[in-house]
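# Descriptive analysis of the structure
Residues per chain, in single letters:
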Amino acid sequence: MSRIFADYVEKAKKILEDNWTGTSTKPSPSLYPHQWNWDSGFIAIGRSHYDTARAIQEIETLFEAQWSNGMLPQIVFNPEELGHYFPEPDFWQTERSPNAPKGKLTSGITMPPVHAIAVEKIYQHALRPRRVLPFLKEIYPKLLDLHAYLYGERDPAKEGLVYIRHPWESGIDNSPTWDVPLRRMNIDTASLPHYTRMDLKHVADPSMRPSDEDYDRYVYLVDLFRQCNYDEATIRETCPFLIQDPLFNTILARANESLVRIAGIIGESPDVPKSWVKKTSKAIGTKLWHQDHDMFDAFDLVTHELIEVDTAAGFLPLWAGAPSRDQARRLYDHLNSSSFCALHQGNCFTIPNYDTKKEEYDHANYWRGPVWININWMIAQGLRRYGYTLKADSIQKDLLQLPIRFGFYEYFDSSDGSGYGSDNFSWTAALFIDLVNEFYEQDTTSAGIRSGLKGFFGEETVLNDGDEMPSCGIQNLAGELMRSIRTLRDRFYNTERGLVDYEQLKDSHEYRSYRVLTNGLRQFNPEMIMGRKGKIAFWINLYNTIVVDAIVTLGITASVKEVPGFFRNVKYRIGKYVFSADDIEHGILRSNARPFFSPLRPFSPRDPRKRFMLFPVDPRIHFALVCGSRSCAPIDYYDGETVYDQLEVAAKSFVNSSEVLILPELKKILISEIFRWYEKDFGGLRGIKDFLTDYLVDLRAKNFIRDNYRDLVIEYLHYDWNLNR
Ligand code: 2M8
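Residues numbered from 1 in each chain as written. Predicted model: local features only at pLDDT ≥ 70, side-chain atom pairs only at ≥ 80, totals over all residues. Heavy atoms only, no water.

## Thoughts on the site of the ligand
Our working definition: If a single non-hydrogen atom of a residue is within 4 Å of a molecule or strand, that residue counts as near it. Polar contact is defined as a pair of N or O atoms within 3.5 Å, subject to the rule that within protein one atom must be able to donate a hydrogen and the other to accept it, and that residues adjacent in sequence are counted only when both atoms are side-chain atoms. Accessible surface area values rest on a Shrake-Rupley calculation with a 1.4 Å probe, where residue burial reflects the displayed protein chains alone. All amino acids are sorted into three groups, where Ala, Val, Leu, Ile, Met, Phe, Trp, Tyr, Cys and Pro are nonpolar, Asp, Glu, Lys and Arg are charged, and the leftover types, Gly among them, are polar.
Inspection of the region around the ligand gives 17 residues, with D39, Y85, G171, D173 and Y366 positioned closest. Within the side chain of Y85, a nitrogen or oxygen atom sits 2.5 Å from an oxygen atom of the ligand. Within the complex, the protein chains bury 100% of what would otherwise be the 410 Å² of accessible surface of the ligand. In terms of residue class, the shell around the ligand is made up of twelve nonpolar, two polar and three charged.

In structure tokens:
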């Protein structure tokens, strides 16, 4: 793990340790002194990577306070911490309900049900998963009860969509979406029960918290619930706030998927959660989709209409796989616009909780604009689910740099990253730990050993020794081959997402035609290709396609590391010579440079293939060469005419992705290992700094490198060798 990540993971663990009460974790040291429902889910996910026992205890403690009707309360109060928060048990008076648990102090509402997701992760991350089975068996019926409560009590029309009846149930308390139903509530403030807000005592600036008008309405609703003795049917008849929220329902749908898998692990029938998955995903995709906004909106059950306010919550259904492909595409375009921070947009952290272009957007006020780690953590996974890897990566980049640069705050300013609300915030710490583990630690082999061994074992495979020869004349071969590669790109590569559909490609006629053309390479002389640009494009395309061809031919399923010496051993015969992927990369495109960790150059002094070397080396090729892994460049086709422009775009995309993290406060930059391996091609360390300065979009990042040119500390990010499938 990069040292800086290791340091910050330790800091994050320390925050969770300090917020641990002995049985669960407080969301933050002082602002939220009790146990919160969905916070505990996120916290357990973070802990699951290093402390299975406490992750389990976190969830168990919460479920000890589950109501007898299945409801899991929003807050479980710590009797020793009473007096610092509002509203507390004396205000909730949940003892009025026969369902409230005896001997536990809780609030009388619920929150988004992330818990099944956390439980599944606890099992997945445990060093000895079998030991977690008793916990899984014990918690599964409780999770099922919770979901059954939601479908039973909160979905009266049996649509598959559950309603929330208080903004606190959404978790996004003062989201602009709730303005519409809250302002409609005409309440008589004089007859409200007396109360004193405690939250304002813990924050630097009251304007970063919900307004007093909002609090009056929050209190009005709590008062209504207790007057109804928390009886759902009675509440439903009178409550002015009944909303089918995309965030809550997405989490429910996604948690159902986890329930299905947990059922499979413990040998229970998955039928019930399976039916819930389908029903809720479908209902989100239809009822909550706003055709004209390209966004999911909340549905108001009082007015029977969608609330046309677009917040980040509207992108969340991606996480549950609810949108159709077309909806996902439109959602993506909306998400990736300047309203919510587009890819490579300078001076902007993704993704703000509310459309930055709206008048009511507020950069510092709680859920009315700032960036929240948990929301983005979910959206990034949703984007990955639909293959929008670049965008997911850029969100991930921000999720990592915000805490490192500005502290483990509750929420962050989208434009300058300032941390707001509570410091040492538990879910920020927990999800940071999760991200580092999920994305930078998947590969346990050390990069050094891997590269060192890369070429020295394994068998040579010449991929173009087939009998069938192409019908085009040899003078047209290069053109035909490039056309064929372009067709493969159009049909099977997703350039925006950086992925290849190996399954479809494998059996396609386009791929068969390509293979026949490669047989023709045996009679081809690469010197026939005219001009430097044409040559660069030809060799990049050939490199990228030999990698895809070899992955398919050798039946690689997870990583090119499955085949020892992959890049050195997969080869094409071209004219009189044989070229491996390494020969093309290091011999031709890098002008016979030594691969990192190899003592040898690809071509010996008398190697006749040296005549094909392309000098000088264009370092931008490293962002165009696709090595079949997730960390390398997104695959594309390069055209002899436009190759320089394309290389510009490739370099810019890479430098502004999560492969380059600029941390001004620490005077550090974290960059992809590609820069370390090919330092020479960039002109050494100075060259790398100049390259970054040239291509970074964010002015502050650019200036930071310029201003700290000499003492800048560079660290390298772990390289992900998993297949770009
Ligand atoms: C915030 O909500 C509580 C009420 O539940 C509050 O403002 O007092 C929200 O950010 C919510 O999502 C979160 O679970 C809670 C504790 O972190 O704080």
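Further notes follow.
## Here's the deal with the sheet that holds strand β16 (residues 668-672)
Stated formally: Strand pairing follows a simple DSSP-based rule, namely that at least 2 bridges must link the two strands. Elements are defined by DSSP. Helices are runs of H or I of four residues or more, strands are runs of E of two residues or more, and each kind is numbered from the N terminus. Where helices are involved, their axes are fitted lines through C-alpha atoms of the stretch in contact, as for all axes, and angles between N-to-C directions lie from 0 to 180°.
Spatial ordering of the open sheet is given by β15-β16-β17, a layout of three strands whose pairing is mixed. One side of each edge strand has no neighbouring strand; the edge strands of this open sheet are β15 (660-663) and β17 (713-717). This sheet shows a mean twist of 15 degrees between the axes of neighbouring strands, independent of strand direction. Here β15 runs beside β16; their pairing, made up of four bridges, is antiparallel.

## As for the packing of aromatic side chains
Inclusion rule: Aromatic rings from Phe, Tyr and Trp, with only the six-membered ring used for Trp, were paired whenever their centres fell within 6.5 Å, and each pair was classed as stacked if the ring planes differed by under 30 degrees, edge-to-face if by over 60, and tilted otherwise. Geometrically, a charge over a ring is one whose NZ (Lys) or CZ (Arg) sits within 6 Å of the ring centre while staying within 35 degrees of the ring normal.
Enumeration over the complete set of coordinates arrives at 49 aromatic pairs. R197 extends its terminal NZ or CZ atom over the ring of Y215, reaching a point 3.8 Å from the ring centre. The lysine or arginine in question, R609, covers the ring of F579, its NZ or CZ lying 5.7 Å from the ring centre.

## Here's the deal with unusual backbone geometry
The following threshold applies: Each residue gets one of three labels from its accessible area relative to the maximum for its type: buried under 20%, exposed over 50%, partly exposed in between, using a 1.4 Å probe on protein chains only.
The linkage connecting F86 with the following residue, P87, adopts the cis geometry, with an omega of -5 degrees. Take P87: it is sitting in the loop between β2 (75-76) and α4 (89-92). Of note, the bond from F615 into P616 is cis; its omega dihedral lies within 30 degrees of zero at 0 degrees. Along the chain, P616 turns up in the loop between α23 (581-589) and α24 (643-655). Phi at H304 is positive, roughly 60 degrees, even though this residue is not glycine. Mapping H304 onto the fold places it in the loop between β6 (298-300) and β7 (305-307). Classification of H304 as exposed rests on a relative accessible area of 56%. Phi at N424 is positive, roughly 50 degrees, even though this residue is not glycine. Along the chain, N424 turns up in the loop between β9 (419-420) and α16 (426-440).

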